[in-house]
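What follows is the residue order along each chain.
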Amino acid sequence: MTIRLDRITTRTGDSGTTGLADGRRVAKDHPLIAVIGAVDEANSLLGVARLATLPPAVAEILPGIQNDLFDLGGDLATPEGGPHESRIPRITGVQVERLDAWLAVANDHLEPLRSFVIPGGSPAAAWLHLARTVVRRAERDLVAAQAVDPERAWNPHLLHYLNRLSDLCFVWARWANDSGRADVLWSPGARRN
């Protein structure tokens, strides 16, 4: 699928609406646009995380996940059965299984958790934790979009992918914190007195 953008400013959004891939226009505050925006934001944060010192395996995998997130956005913006169906790379179960496999590998490198983890430690871990929270928001926004449009044939792999990706960002953040040894742990009630 080749994309060509001749101009970036279209002015079609000046009315407070945005276009979907099937030609429909929806309000910019529509739940579907919220999830597409959250996916875009998460992708941007993963790009920032790539600037930090990451475990080599994570650094190697992240560009592919960023590409998957573009596919996921296209999947969201193009309802199944629409005029551009043949050109849309849908998220598949194979992509979800790949995330599961990477989760298993990353978990094998981690110290067991002794408490909840406070985001921080290393710069890479902090960025991955932030990406995790935005992926979780995308997941919630997707559920809201599905509730608003229950007649649409939603790809079930979208929600699975986002759920696994948020988990993966968490375990990768711990891996980036010296396999969890540099995690910042929550100390319940430590500042009450």
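Our subject is the structure that appears above.
Residues numbered from 1 in each chain as written. Predicted model: local features only at pLDDT ≥ 70, side-chain atom pairs only at ≥ 80, totals over all residues. Heavy atoms only, no water.

K.L.:
Provide a residue-level description of the overall build of the protein, including the pertinent values.
P.N.:
Regarding its fold elements, the protein presents five helices and four strands. Taken from N to C terminus, the helices and strands of the protein fall in the order β-β-α-α-α-β-α-α-β. Overall size of the protein, expressed as C-alpha extent along the three principal axes, is 55 × 40 × 35 Å. Split into buried and exposed, the 193 residues of the protein put 39% on the buried side. Within the protein, contacts between residues at least 6 apart in sequence are counted, and of these 74% link residues at least 24 apart. Roughly 10,800 Å² of accessible area belongs to the protein as shown, and the carbon and sulfur atoms make up 54% of that amount. (Helix = DSSP H or I, 4+ residues; strand = E, 2+ residues; numbered from the N terminus. Buried < 20%, exposed > 50% of the residue type's maximum accessible area, 1.4 Å probe, protein only. Contact = heavy atoms within 4.5 Å. Areas by Shrake-Rupley, 256 points an atom, 1.4 Å probe, with all protein chains shown as cover.)

K.L.:
Tell me what's going on with the environment of V26, and back it up with residues and numbers.
P.N.:
Within the element layout of this structure, V26 appears in strand β2 (residues 25-27). Residue class for V26 comes out buried when judged on its relative accessible area of 11%. Setting aside its immediate chain neighbours within four residues, V26 contacts G16, T17, T18, L20 and I33.

K.L.:
Describe in detail the packing of helix α2 (residues 56-77) against helix α3 (residues 93-108), supporting the description with residues and values.
P.N.:
The geometry of α2 relative to α3 is characterised by a closest axis approach of 12 Å and an angle of 150° between their N-to-C directions. As the angle between them shows, α2 and α3 are arranged roughly antiparallel. With respect to the hand of their crossing, α2 and α3 are arranged in left-handed fashion. For the pair formed by α2 and α3, the contact residues are I61, I65, D68 and D71 on the first element and Q95, R98, L99 and W102 on the second. Counted by class, the contact of α2 with α3 contains four nonpolar, one polar and three charged residues. (Axes fitted to C-alpha atoms, helices over the stretch in contact; angles between N-to-C directions. Parallel < 35°, antiparallel > 145°, perpendicular 65-115°, else oblique. Left-handed = near helix turned anticlockwise from the far one by under 90°. Nonpolar A, V, L, I, M, F, W, Y, C, P; charged D, E, K, R; others polar.)

K.L.:
Requested: an account of the packing of helix α4 (residues 123-148) against helix α5 (residues 156-176), with residues and values cited.
P.N.:
Contact geometry for α4 and α5: axes closest at 8 Å, N-to-C directions at 165°. By the angle between their directions, the pair α4 and α5 is classed as roughly antiparallel. Every pair of crossing elements has a handedness; the one defined by α4 and α5 is left-handed. Its residues assigned to classes, the contact of α4 with α5 comprises 17 nonpolar, four polar and four charged.

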